[in-house]
Amino acid sequence: MLTQAQMDHYHDKGWLHIPEIFPPAQLAAMQRDLDWMINAWADRSVGWTGAWRKKYMDAETEKKSQLVAMHDLQFYSQAWLGAVTNDRLCNAMAQLLGDCVELHHTTMHVKPPETGHPFPMHQDWAFYEHVDGRYIDVLVHLDNTQHENGEIRFLSGSHKKGALDHIRQNEDGTPCTPYLPLDEYRLDDTEPVPAKAGDVVIFNIFTIHGSHINQTPVNRRLVRLGYRHPGNRQTGGQSLGRPGIMVRGLRQRGQGQKLFSIAGPPGPAAASAEQPEPVLVK
């Protein structure tokens, strides 16, 4: 699936653009079901909180800015179950993660027209912490992206820094959505990665990234898929303690590990999984 040059690019830069993963017929079904979920199931909110908002948006834009989000689209749509198990995509994940690949989660990324939510610089690790870098986020493009509608932007090579401390509180001590210091990590220093509908852009869980506002009159639709090596232990955040489907290979059994049940694995992880999940939408 991937050439050696593509794999080298991912390991060096921390991201990779892979064109034409989803053929036209499959893409059309994914677009149709995504639009249905936007109307039937998705939440619409003001989005991420924090002091970064006043730097990224003027007061009027901030007042209007929204995001549309929901988790785990494969639970609601046959087309999206097919998307997360797409052979070309899963083969690419196996080349980069190893023979065993687990789907961790999916999340809708929709920026509404004209004031669709921008995102400050951050690592996805801050939202679902894992002990190592064997975790790849995949942005499935349902629309063409460019500067005008807020394409993804990366600090190339930043995954080599490993996990970084994020700002998690406002000046008054109230909690906010995790983001990196604004004076040290700037969108102006990033590399834009525009892509076409049917393409994917993949990146490491430690790669620093962000995006500008959607200025166009239509939705900018992306869906993030998270894949990991099943041996990469999660320590906090979204979907903690919940098993995902194996899309390649076998889940090896650890010493004394019990079978998964409908209620999830026993122990502290199950209790932690009951906490509210942070939403990550770009």
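A short tour of the structure in this document, coming up. The model shown is predicted, which means the values in this text are computed figures rather than measured ones.

On to the pattern of salt bridges, then. Taken as a whole and judged by the stated rule, the model has 16 salt bridges. In this structure, E60 engages K64 in a salt bridge whose closest nitrogen and oxygen atoms are separated by 3.8 Å. Placement of the pair is E60 and K64 together in helix α4 (residues 59-64), with a separation of 4 residues, close to one helical turn. Judged by its relative accessible area of 42%, E60 falls in the partly exposed class. Given a relative accessible area of 48%, K64 falls into the partly exposed group. The closest approach of N and O atoms between D87 and R248, which form a salt bridge, is 3.3 Å. Remark: R248 occurs in strand β16 (residues 246-248) and D87 occurs in helix α6 (residues 87-97); sequence separation between them is 161 residues. Linked through salt bridges whose partners overlap, the residues forming this network are D35, D143 and R221.

Glancing now at unusual backbone geometry. Despite not being glycine, E20 has its phi angle at roughly 55 degrees, a positive value. Within the secondary structure, E20 sits in the loop between β1 (15-18) and α2 (24-40). The phi dihedral of E114 is positive, around 70 degrees, even though this residue is not glycine. The topology assignment puts E114 in the loop between β4 (101-111) and β5 (119-122).

Another point: the sheet that holds strand β8 (residues 153-154). Taking strand neighbours across the sheet as the criterion, the 4 strands line up as β5-β13-β8-β11 in an open arrangement whose pairing is antiparallel. The outermost strands of the open sheet, each flanked by one partner alone, are β5 and β11 (191-192). Relative to strand β13 (residues 209-211), β5 runs antiparallel, the two sharing 2 bridges. Bridge assignment links F119 to a residue of β13, and that residue is S211.

The rules behind these values
Residues numbered from 1 in each chain as written. Predicted model: local features only at pLDDT ≥ 70, side-chain atom pairs only at ≥ 80, totals over all residues. Heavy atoms only, no water. Salt bridge = Lys/Arg side-chain N within 4 Å of Asp/Glu carboxyl O. Helix = DSSP H or I, 4+ residues; strand = E, 2+ residues; numbered from the N terminus. Buried < 20%, exposed > 50% of the residue type's maximum accessible area, 1.4 Å probe, protein only. Pairing = 2+ DSSP bridges.

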